[in-house]
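Chain residues, written in single-letter form:
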Amino acid sequence: MGIALEIHRVCRDAARQHGPGRIESVRVAVGELTAVEPELLRFAWEAVVAGGRHAGSTLDVVWCPATQLCSQCGDVKDRAAGSWLRICPACGRPLEVTGGDELDVLELRFTPDDDAGGAPADDPRPNDRGDGP
Ligand SMILES: [Zn+2]
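This write-up is about the structure you can find in this document. Small disclaimer: the values here were computed from a predicted structure and weren't measured. (Residues numbered from 1 in each chain as written. Predicted model: local features only at pLDDT ≥ 70, side-chain atom pairs only at ≥ 80, totals over all residues.)

### Re the pairing of strand S2 (residues 58–64)
Turning to step 1, where the next piece is worked out: Summarising the sheet, strand S1 (residues 21–31) and S2 pair through seven bridges and their orientation is parallel. Bridge pairing links Val 30 to Trp 63 in S2. (Pairing = 2+ DSSP bridges. Helix = DSSP H or I, 4+ residues; strand = E, 2+ residues; numbered from the N terminus.)

Okay, structure coming up:
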């Protein structure tokens, strides 16, 4: 939840520079070493924006796997799920690990309120499309 709040804060700050409007969607890069579960992050995002101005906005997670490089075997794909041994499973040499630590907002889709003049007031109800889990 803390990360979703942080993303929300970053996005609101960015959106504010465009004036009033609504966040449609946010794309974030999540590295596999961040211990962030994309599914949980999406749920947390929905909870953070629920009932607010940006309710119904979506969070797209771009999963960024880490790369393990062995000086002898090259790119090593194998590893036990959920563990991170920086040792080559084939030859036992230490692996060089790159990437996988991303936690960045990549893209913010934002719709400005261009009818601030006399259009009907905002409907505060969340956009209920009945999307299933
Ligand atoms: Zn190796």
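### Some remarks on the packing of helix H1 (residues 2–16) against helix H2 (residues 38–49)
Turning to step 1, where the next piece is worked out: It is the contact of H1 with H2, at a shortest axis distance of 8 Å, that shows an interaxial angle of 55 degrees. By the criterion of interaxial angle, the relationship of H1 to H2 is oblique. Here the hand of the crossing between H1 and H2 comes out right-handed. In this structure, H1 uses Ile 3, Ala 4, Leu 5, Ile 7 and His 8 to contact H2, whose residues at the interface are Leu 41, Ala 44, Trp 45, Val 48 and Val 49.
Turning to step 2, where the next piece is worked out: Looking at the contact of H1 with H2, its residues break down into nine nonpolar, one polar and no charged. (Axes fitted to C-alpha atoms, helices over the stretch in contact; angles between N-to-C directions. Parallel < 35°, antiparallel > 145°, perpendicular 65-115°, else oblique. Left-handed = near helix turned anticlockwise from the far one by under 90°. Contact = placed C-beta atoms within 7 Å. Nonpolar A, V, L, I, M, F, W, Y, C, P; charged D, E, K, R; others polar.)

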